[in-house]
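A look at the structure
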Amino acid sequence: MEQPKFFSAEQVAKVLTWNLVNSAVEEALRATGPTEANPQDTDASFAIQPARSVTSCGDKSKLLLTIPGFVGNYKLNEKRTNTLACKVVTSFSANQKLSPPLPNILANILLFSSETGQLQCVMDGTQITGWRTASASLAATKYLFLHRFPEGMSKAIRVAIIGCGVQGQSHAMGMCKTFNVIDIYLWNRTKSKADQLGEKLRSEFPNSVNVHIVETPEAACREADVVCVGTYSPTALINYSMLKHDNVHINTVGAGQVHFGEVAQDIYDNGVVYVDSLVSAKTELKDLKAKIVGEVGEVIRNKGQRSENNRITIFQSMGIAAEDATVAQAVYEALCK
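Please read these numbers as outputs of a predicted model, since none were measured by experiment. (Residues numbered from 1 in each chain as written. Predicted model: local features only at pLDDT ≥ 70, side-chain atom pairs only at ≥ 80, totals over all residues. Heavy atoms only, no water.)

Another aspect to go through is empty space enclosed by the protein. Evaluated as defined, the whole model comprises one cavity of 30 Å³ or more. Taken as a whole, the largest cavity spans an internal volume of roughly 70 Å³. Gln 49, Pro 50, Ala 51, Arg 52, Ile 67, Ser 277, Ser 280, Gly 319, Ile 320 and Ala 321 together form the lining of the largest cavity. Residue composition of the lining of the largest cavity, by class: five nonpolar, four polar and one charged. (1 Å grid on protein atoms, 1.4 Å probe; cavity = no way out; pocket = protein on both sides within 12 Å on 5 of 7 lines; lining within 4 Å. Points joined across faces, edges and corners; volume = space filled by probe spheres on them. Nonpolar A, V, L, I, M, F, W, Y, C, P; charged D, E, K, R; others polar.)

Pairing is parallel in the open sheet, where eight strands are placed in the order β10-β9-β8-β11-β12-β15-β13-β14. Each edge of the open sheet is held by one strand with a lone partner, namely β10 (210-213) and β14 (292-295). Strand after strand, the sheet turns through a mean of 20° between neighbouring axes, direction not considered. The sheet contact formed by strand β13 (residues 271-275) and β14 spans three bridges and is parallel. From the neighbouring strand, Tyr 274 faces β14, where its bridge partner is Gly 294. The strands that helix α5 (residues 191-204) touches are β9 (180-187) and β10; relative to β10, the one it contacts most, it runs at about 170°. (Pairing = 2+ DSSP bridges. Helix = DSSP H or I, 4+ residues; strand = E, 2+ residues; numbered from the N terminus. Axes fitted to C-alpha atoms, helices over the stretch in contact; angles between N-to-C directions. Contact = heavy atoms within 4.5 Å.)

Considered as a void within the structure, the second largest pocket measures approximately 370 Å³ in volume. What lines the second largest pocket is a set of 15 residues, among which Trp 131, Val 166, Gln 169, Ser 170 and Lys 200 lie closest to the centre. Taken together, the elements giving at least two residues each to the lining of the second largest pocket come down to α3 (126-145), α4 (166-178) and α5. When its residues are assigned to classes, the lining of the second largest pocket shows eight nonpolar, six polar and one charged.

In total, this model carries four aromatic pairs according to the counting rule given. Plain terms: the ring middles of Phe 7 and Tyr 332 are 6.3 Å apart, the flat faces sit at 70° to each other, and that makes the pair edge-to-face. Here the residue Phe 7 occupies a position in strand β1 (residues 5-7), and Tyr 332 occupies one in helix α10 (residues 321-335), the gap between them amounting to 325 residues. Accessibility expressed as a relative area gives 8% for Phe 7, which makes it buried. For Tyr 332, a relative accessible area of 14% translates into the label buried. (Phe/Tyr/Trp six-rings, centres within 6.5 Å; stacked < 30°, edge-to-face > 60°. Buried < 20%, exposed > 50% of the residue type's maximum accessible area, 1.4 Å probe, protein only.)

The subject of this paragraph is α4. The first and last C-alpha atoms of α4 sit 18 Å apart over 13 residues, in line with the 18 Å expected at 1.5 Å per residue. Among the residues of α4, those classed as buried are Gln 167, Gly 168, Ser 170, His 171, Ala 172, Met 173, Gly 174, Met 175 and Cys 176. (Expected span 1.5 Å × (residues − 1).)

Between its terminal C-alpha atoms α5 stretches 20 Å, which fits the 20 Å expected from 14 residues at 1.5 Å a residue. Listed in full, the buried residues belonging to α5 are Ala 194, Leu 197, Gly 198 and Leu 201. An end-on view of α5 places all buried positions within 105° of arc, on one side of the element. In α5, the exposed positions angled more than 90 degrees off the buried face are occupied by Gln 196, Glu 199 and Ser 203. Against α4, β9 and β10 lie the buried residues of α5. (Arc of directions from axis to C-beta.)

Where nonpolar side chains cluster on the molecular surface, the patch consists of Leu 98, Leu 102 and Leu 106 and spans about 230 Å² of accessible area. Looking at the secondary structure, you find Leu 98 in the loop between β5 (79-92) and β6 (105-112). Looking at Leu 98, the relative accessible area reads 43%, which means it is partly exposed. (Patch = residues over 30% accessible without salt bridge, like charges linked within 9 Å, V, L, I, M, F, W, Y side chains within 5 Å. Areas by Shrake-Rupley, 256 points an atom, 1.4 Å probe, with all protein chains shown as cover. Salt bridge = Lys/Arg side-chain N within 4 Å of Asp/Glu carboxyl O.)

Nothing here speaks to function; it is geometry throughout.
Okay, here's the thing in structure tokens:
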């Protein structure tokens, strides 16, 4: 029996690109919803992903999550592929306070043969988690927001980043790499993190993106077309009065005890919510007082056709197994070339 491979964070980082991750995540979202193959449609993909299990380590700030999933008949490198995977994650919210600090979210992804069930690979999934979460927001921004405009992907946009930790950094980089971002506004409770991210963005995009470090979330949102919120805040950081108008898109990926705690209720009252998985939403968003219109994957399958022009759209990201599976498979194939 062939021994499973192990790929470290350093090895994974060498092959991660936004093109690779965005393609894999879009396929994952497209597959989400259908749970079995359609025999009449040989191009249709599907995903089977039970609700994640969450184990507390005696403290709600310390969690172990297991996230299994199967994605069938999806496109990877121009061929149809099946992937069986399980991500094992720890979420320890005090890790950033350690000396030296560790990521709050640590992950490993297990890939199995979809034919024999044999373990093929264990790879560090911490960076994949950060990239695929941001990439799901990129897909939501593309299909829920940019498809409203004739310019589409080339439209010049202004982006607000609320929280400049791991998710803020990956969202900022992904937005600037993928879209025509002309201004980006950075806010973090500890200003030094915003300063560090600002320096990185100025170095990476010296002539194309104007980087602004701001003192308040309101200042970040004032001119923003797209707002990305990714913190552990238990209380709202943005409210409706901070937004410039109703034609705004919000990506919220909060990892706190309440997934939707970062966004004030008056934004939900004036907007519509899309999710990555309605199955997960029934459990994780059961207390959310908002209209959940549907899944981003359905919009992708319909090629961006929806009726949300001139409204606030909110992508409530929870993270799904299909994203981990397709990105891990793409990374695995890139590393095994």
